[in-house]
Amino acid sequence: MSSEKVRAFPIDRQVFLVREVAAKLGNLHGETATSFWRAKASELLDLVAGSGRDRTAAGDEVRRFFLAVQREMLADMGAETMPILSA
């Protein structure tokens, strides 16, 4: 298979990475959380662009990753606040 046809697995579908970043962000607040996210987004942008995607497509992929992280954080919040019902 030629290298032009090989595509990296999208970062927003890498469940372990999404959960790892969501857990880290869940424990950070304010400027610390903002700084962590900016550094992680920059790192991921460089990673995706380095895999051959143009910067615009790489930026779109990082935005999709951020949405996946937000969904994970919301899911975690819902699980924590859901009451346990007994029959």
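All of the points below concern the structure found in this document. (Residues numbered from 1 in each chain as written. Predicted model: local features only at pLDDT ≥ 70, side-chain atom pairs only at ≥ 80, totals over all residues. Heavy atoms only, no water.)

**Thoughts on the packing of aromatic side chains**
The full count for this structure, using the stated rule, is two aromatic pairs. Relative to Phe65, the ring of Trp37 lies with its centre 6.2 Å away and its plane at 10°, an arrangement referred to as stacked. Placement of Trp37 in helix α2 (residues 30–50) and of Phe65 in helix α3 (residues 55–81) is noted, with a sequence separation of 28 residues between them. Look at Trp37 and you get buried, because its relative accessible area is 16%. Residue Phe65 is classed as buried on the basis of its relative accessible area, which comes to 0%. A ring pair is formed by Trp37 and Phe66, whose centres lie 4.6 Å apart and whose planes are at 40°; its orientation type is tilted. (Phe/Tyr/Trp six-rings, centres within 6.5 Å; stacked < 30°, edge-to-face > 60°. Helix = DSSP H or I, 4+ residues; strand = E, 2+ residues; numbered from the N terminus. Buried < 20%, exposed > 50% of the residue type's maximum accessible area, 1.4 Å probe, protein only.)

**Focus on the nonpolar core**
One finds Val21, Leu25, Trp37, Phe65 and Val69 to be the most contacted residues of the largest nonpolar core, which totals 19 residues. Looking at this core, the elements that each hand over two or more residues are α1 (15–26), α2 and α3. Dropping the residues within four chain positions of it, Trp37 is found in contact with Val21, Leu25, Val62, Phe65 and Phe66. (Core = buried A, V, L, I, M, F, W, Y, C linked by side-chain atoms within 4.5 Å. Contact = heavy atoms within 4.5 Å.)

**Observations concerning the side chain of Asp12**
As for its placement among the helices and strands, Asp12 is situated in the segment before α1. Nearest to the buried, unbridged Asp12 among oppositely charged side chains is Arg64, at 4.2 Å. Not counting residues within four places of it along the chain, the set of residues in contact with Asp12 comprises Val18, Arg64, Phe65 and Ala68. (Lys, Arg positive; Asp, Glu negative; His and termini not counted. Salt bridge = Lys/Arg side-chain N within 4 Å of Asp/Glu carboxyl O.)

**With respect to α1**
Along its twelve residues, α1 runs 16 Å from first to last C-alpha, staying within 8% of the 16 Å computed at 1.5 Å per residue. If you check which residues of α1 are buried, you get Leu17, Val18, Val21, Ala22 and Leu25. Looking down the long axis of α1, one finds its buried residues gathered within 130° of arc, a one-sided arrangement. (Expected span 1.5 Å × (residues − 1). Arc of directions from axis to C-beta.)

**Looking at the pattern of salt bridges**
Going through the model one piece at a time under the given rule, you end up with five salt bridges. The closest approach of N and O atoms between Glu43 and Lys40, which form a salt bridge, is 3.4 Å. Remark: Lys40 and Glu43 occur in helix α2; sequence separation between them is three residues, near one turn of the helix. With a closest N to O distance of 3.4 Å, Arg55 and Asp46 form a salt bridge. Given the relative accessible area of 44%, Asp46 is considered partly exposed.

**Things to note about the side chain of Glu72**
Note on placement: Glu72 falls in helix α3. Non-local contacts of Glu72, meaning those with residues more than four positions away in its chain, are made with Val18, Arg19 and Ala22.

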